[in-house]
Amino acid sequence: MMRVSRRSSGTRIKICGIRDVETAQFAVDAGADAIGLVFFPPSPRAVDVRLARQIVRALPHGTVSVALFVNPTVAQVREVLVEVSPSVLQFHGDESAAFCAQFGHPYWKAIRVSAATDLLELRERFRGADRLLLDADARSNHAATDAGAKLYGGTGELFDWKLIPSILANSIVLSGGLTADNVSKAIRTVRPWAVDVSSGVEEPRGMKSRALIQNFINAVTKEDSREQAV
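This write-up is about the structure you can find in this document. (Residues numbered from 1 in each chain as written. Predicted model: local features only at pLDDT ≥ 70, side-chain atom pairs only at ≥ 80, totals over all residues. Heavy atoms only, no water.)

**Side note on the packing of helix H1 (residues 21-30) against helix H8 (residues 210-229)**
Put simply, the rule reads: Here the axes come from fitting lines to C-alpha atoms, over the contacting stretch only for helices, and the angles between their N-to-C directions go from 0 to 180 degrees. Secondary structure counts use DSSP, requiring at least four H or I residues in a row for a helix and at least two E residues in a row for a strand, with both numbered from the N terminus. What sets the label is the angle itself: under 35 degrees gives roughly parallel, over 145 gives roughly antiparallel, 65 to 115 gives roughly perpendicular, and the rest give oblique. By definition, turning the near helix anticlockwise from the far helix through less than a right angle yields a left-handed crossing, and turning it clockwise yields a right-handed one. Contacts are assigned to residue pairs that have any heavy atoms within 4.5 Å of one another. Any residue outside Ala, Val, Leu, Ile, Met, Phe, Trp, Tyr, Cys, Pro, Asp, Glu, Lys and Arg is labelled polar, Gly included; the first ten of those are nonpolar and the last four are charged.
Between H1 and H8, the shortest axis-to-axis distance is 10 Å and the interhelical angle comes to 25 degrees. Here H1 is positioned roughly parallel relative to H8, judged by the angle of their axes. In this structure, the crossing between H1 and H8 has a hand that is right-handed. Seen from H1, the contacting residues are Glu22, Thr23, Phe26, Ala27 and Ala30; seen from H8, they are Arg210, Ile213, Gln214 and Ile217. Of the residues assigned to the contact of H1 with H8, the class counts are five nonpolar, two polar and two charged.

Following this line, the structure appears as structure tokens:
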């Protein structure tokens, strides 16, 4: 399970798509609980093993590092496990439950949500996952980039949060189009275990903004404080 060093309660925060040590340290100092590292070359947020290792080694003790993959080979995942030692694996493509479980390491399974998605069935199928991460089944997930690859996340598109069964809500990681402007509403509507942001703290695309990271974390902590006061 994901360790939490900043809060014993409230909504956990993951900042995904970090590409340098300094931004990772800033995000954690600002209040992030987890840092996401993308091992998907078509993504503008992709990192290699060497850089990822530097980032993870520089994180304060207790910070969670999440290695994100999209339809990787077994060898690719094993290399990251050995060289980077992430806390959690995140599978964001079309991986099967058996593929995800074979590494014997905590993992999250990303689900692209639409009206046709049976989240209760998927929770059962991926019962070995520590968490389901719910993302948008965005139009750009089905369109090819210039390099001919689909985009599996970080599209900045929302999905209908009402599609999330209440029985699952407080155990999921909520992603998909979150920003400082809408994350408070997302928390009030869903009450997720954690929120995950990538493109919502970027300016321009692929480049993390410290101001936007701080604004996002402030919005989450403000909403948590409001809920606790009610």
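**Focus: the nonpolar core**
Applied cut-off: To qualify as a nonpolar core, a set must consist of buried Ala, Val, Leu, Ile, Met, Phe, Trp, Tyr and Cys residues joined through side-chain atoms within 4.5 Å. Note on exposure labels: buried denotes an accessible area under 20% of the residue type's maximum, exposed denotes more than 50%, and partly exposed covers the range between, all computed with a 1.4 Å probe on protein chains only.
Core analysis: the largest hydrophobic core is formed by 60 residues, its most contacted members being Ile15, Phe39, Leu89, Phe91, Leu134, Leu174 and Phe216. In this structure Leu134 touches Ile111, Val113, Leu119, Phe159, Ile164, Ile172, Val173, Leu174, Ser175 and Gly176, once residues within four positions along its chain are discounted. By size, the runner-up hydrophobic cluster in this structure holds 10 residues, among which are Ala34, Val64, Trp108 and Ala110.

**Notes on the layout of surface pockets**
We apply this condition: Cavity: a set of points on a 1 Å grid over the protein atoms alone where a 1.4 Å probe fits but cannot get out. Pocket: an open set with protein on both sides within 12 Å along at least five of seven lines, its lining residues, like those of a cavity, having an atom within 4 Å of a point. Grid points are joined across faces, edges and corners, and a volume is the space filled by probe spheres set on the points.
In this structure, the largest pocket occupies an estimated 220 Å³ of space. Contributing to the lining of the largest pocket are 14 residues, with Phe39, Phe40, Pro41, Phe69 and Gln76 lying nearest its centre. In this model, the second largest pocket occupies a volume close to 160 Å³. Residue lining of the second largest pocket: Gly93, Asp94, Glu95, Lys109, Ala110, Ile111, Arg112, Leu122, Arg125 and Phe126, and that is the complete set. Those elements that place two or more of their residues in the lining of the second largest pocket are strand S5 (107-113) and helix H5 (119-125). A class-by-class count of the residues in the lining of the second largest pocket yields four nonpolar, one polar and five charged.

**Focus: the side chain of Arg12**
Applicable threshold: For the purpose of counting charges, residues Lys and Arg are taken to be positive, whereas Asp and Glu are taken to be negative. His and the chain ends are not included. Any carboxyl oxygen of Asp or Glu that lies within 4 Å of a side-chain nitrogen of Lys or Arg is treated as forming a salt bridge with it.
Among the secondary structure elements, Arg12 is positioned in strand S1 (residues 12-16). Although Arg12 lies buried, it forms no salt bridge, and the closest oppositely charged side chain, Asp33, sits 6.0 Å away as judged by the N-O distance.

**Digging into the sheet that holds strand S2 (residues 34-39)**
Our working rule: For two strands to count as paired, DSSP must find a minimum of two bridges between them.
Here eight strands make up a closed barrel; going around it, the order is S1-S2-S3-S4-S5-S6-S7-S8 and the pairing parallel. Alignment of S1 against S2, held across three bridges, turns out to be parallel. The residue of S2 that forms the bridge with Lys14 is Ala34.

**Some words on the pairing of strand S4 (residues 88-91)**
Covered by surrounding structure in S4 are Val88 and Gln90 together with Leu89 and Phe91, the residues of both alternating faces. Bridging between strand S3 (residues 64-69) and S4 involves four bridges; their strand directions are parallel. Pairing of Ala67 across the sheet is with Leu89, part of S4. Two strands pair when backbone bridges link them, and S4 and S5 are joined in this way by three bridges, in the parallel orientation. The residue bridging Leu89 from the neighbouring strand is Tyr107, located in S5.

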